[in-house]
Amino acid sequence: MRNSRTACLFCVRVSLISVSTAAKPGVLMFGRSSLSVLEGSKMVRIPVIRVNGSYSKISVRYQSVEPETGPYSQIQGLLEFPDGVEMQEIEIPLLDDSIRGPDVSVRLMLVQPSKKTDIVGESCVLEILDDDMIPGYLELEKSMLSVVENVGSVRLNVMRLDGTDGQIRVKYRTVPDSAVPGSDFSTTVGELVFEEGEKAKTLTVDIVDDEIRNHRKSSR
Ligand SMILES: *[C@@H]1O[C@H](CO)[C@@H](O)[C@H](O)[C@H]1NC(C)=O
């Protein structure tokens, strides 16, 4: 009697209430059900995620189901998920043919899951948009640049984005803001010519060093 009472002072009830999902291999699904890319983007990455567990190494195969051909080499392969890894990416190199053609959609499926895991969810539709014959648009790489007065000249990059088809030309000129043309910078006008395929050009503005201490200036 006395013994059992002493023992009870140290009683602790332990019960198992849930099994951690970390001890399960989980199931696999596409991280997104559709994706659009430009043909010229060279590579597309499609996430495949592992949910409801990440225990042990599992794998799954992927393949295109329709159509089989497009601006890519055959789409098929194996994705391996090491123990604890919850996302992998299918990498599909895109072939940029420079020929105007229709946009292409291809459906990808996960197949042949390894033992212990399964596939859930839908397939993934990859849309490849033709970007040939698109001249693109131009933008100054930086909208603001600070230089010291005695720098001599400043070089600004002009970027051609979202397409490089054909030759395009752009005129430019300096517009004074708080800087004074002639005493702070040389008024500059010019034209840049982007040949087919060219993605960047540089223009130069001369900065005048007046050797007088004064406030910051700017020009556009
Ligand atoms: C993950 O587990 C929860 C709870 O068991 C379940 O409701 C859900 O459907 C599972 N998710 C997937 C994708 O299997």
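Calculation rules
One numbering rule holds for all chains: residues counted from 1, following each sequence as written. Only residues with pLDDT of 70 or above have their local features reported here, since the model is predicted, and side-chain atom pairs are shown and tallied only from 80 upward, although totals for entire chains, interfaces and linings are computed over all residues. Helix and strand labels come from DSSP, where a helix needs a run of H or I of at least four residues and a strand needs a run of E of at least two; each type is numbered from the N terminus. Here a residue counts as buried when 20 or more other C-beta atoms sit within 10 Å of its C-beta, as exposed when there are 12 or fewer, and as partly exposed otherwise, the C-beta atoms being derived from the backbone. A pair of residues counts as a contact when their C-beta atoms, built from backbone coordinates, are within 7 Å of each other. Whether a residue is near a molecule or strand depends on its C-beta atom, generated from backbone atoms, being within 6 Å of that molecule or strand. Polar here means any residue other than Ala, Val, Leu, Ile, Met, Phe, Trp, Tyr, Cys and Pro, which are nonpolar, and Asp, Glu, Lys and Arg, which are charged; Gly is therefore polar. To form a nonpolar core, buried Ala, Val, Leu, Ile, Met, Phe, Trp, Tyr and Cys residues must be joined through C-beta atoms within 7 Å. One bridge is not enough; two strands pair if DSSP finds at least two bridges between them. Each axis is a line fitted through C-alpha atoms, and for a helix only the stretch in contact is used; angles between axes span 0 to 180 degrees, taken between their N-to-C directions.

Topic: the overall build of the protein chain
Then comes step 1: Helix and strand counts for the protein chain come out as one helix and 13 strands.
Then comes step 2: Counting every position in the protein chain, which comprises 220 residues, the buried fraction comes to 15%.
Then comes step 3: When contacts within the protein chain are restricted to residue pairs at least 6 apart in sequence, those whose partners lie at least 24 apart make up 72%.

Some remarks on the site of the ligand
Then comes step 1: Every residue lining the ligand is accounted for by Val-27, Val-51, Asn-52 and Val-120.
Then comes step 2: A class-by-class count of the residues in the shell around the ligand yields three nonpolar, one polar and no charged.

Describing the nonpolar core
Then comes step 1: Core analysis: the biggest nonpolar cluster contains 16 residues, and Ile-46, Val-48, Leu-108 and Leu-126 have the highest contact counts within it.
Then comes step 2: If you list the elements that add at least two residues to this core, you get β1 (27-30), β3 (43-51), β4 (58-66), β6 (87-93), β7 (104-111) and β8 (124-129).
Then comes step 3: Discounting chain neighbours no more than four positions away, the residues touching Ile-46 are Phe-30, Leu-35, Glu-89, Ile-90, Leu-108, Cys-124 and Leu-126.

Remarks on the sheet that holds strand β13 (residues 200-206)
Then comes step 1: Here three strands make up an open sheet; going across it, the order is β9-β10-β13 and the pairing antiparallel. Edge positions in the sheet fall to β9 (137-140) and β13, since each of these pairs with one other strand and no more. Adjacent strand axes in the sheet meet at a mean angle of 30° when their direction is disregarded.
Then comes step 2: Relative to β13, strand β10 (residues 153-161) runs antiparallel, the two sharing seven bridges. Counterpart to Val-158 in the pairing with β13 is Lys-201.

What about unusual backbone geometry?
Then comes step 1: For Ser-56, which is not glycine, the phi torsion reads 75° and is therefore positive.
Then comes step 2: By the secondary structure assignment, Ser-56 is in the loop between β3 and β4.
Then comes step 3: What makes Ser-56 partly exposed here is the crowd of 17 C-beta atoms within 10 Å.
Then comes step 4: Phi angles above zero are rare outside glycine, and Lys-116 is one such case at about 80°.
Then comes step 5: Looking at the element boundaries, Lys-116 is found in the loop between β7 and β8.
Then comes step 6: Note on Lys-116: 14 C-beta atoms within 10 Å, which makes it partly exposed.

Some thoughts on the sheet that holds strand β5 (residues 76-81)
Then comes step 1: The five strands lie next to each other as β2-β8-β7-β4-β5, forming an open sheet whose pairing is mixed. The open sheet is flanked by β2 (34-38) and β5, the only strands paired with a single partner. The average undirected angle you get between the axes of adjacent strands in this sheet is 25°.
Then comes step 2: Judged from the six bridges that link them, β4 and β5 form a sheet pairing that is antiparallel. What sits directly across from Arg-61, in β5, is Leu-78.

Thoughts on the pairing of β6
Then comes step 1: Only one face of β6 is buried: it carries Gln-88, Ile-90 and Ile-92, and the other face, with Met-87, Glu-89, Glu-91 and Pro-93, is open.
Then comes step 2: Sheet analysis places β3 next to β6, joined by seven bridges and oriented antiparallel. Opposite Ile-49, over in β6, you have Met-87 as the bridge partner.

Things to note about the environment of Phe-30
Then comes step 1: Position of Phe-30 among the secondary structure elements: in strand β1.
Then comes step 2: The sequence separation of Phe-30 and Ser-123 amounts to 93 residues, and the corresponding C-alpha distance is 7.0 Å.
Then comes step 3: Phe-30 has contacts with Ile-46, Val-48, Gly-121, Glu-122 and Cys-124, leaving out every residue within four places of it along the chain.

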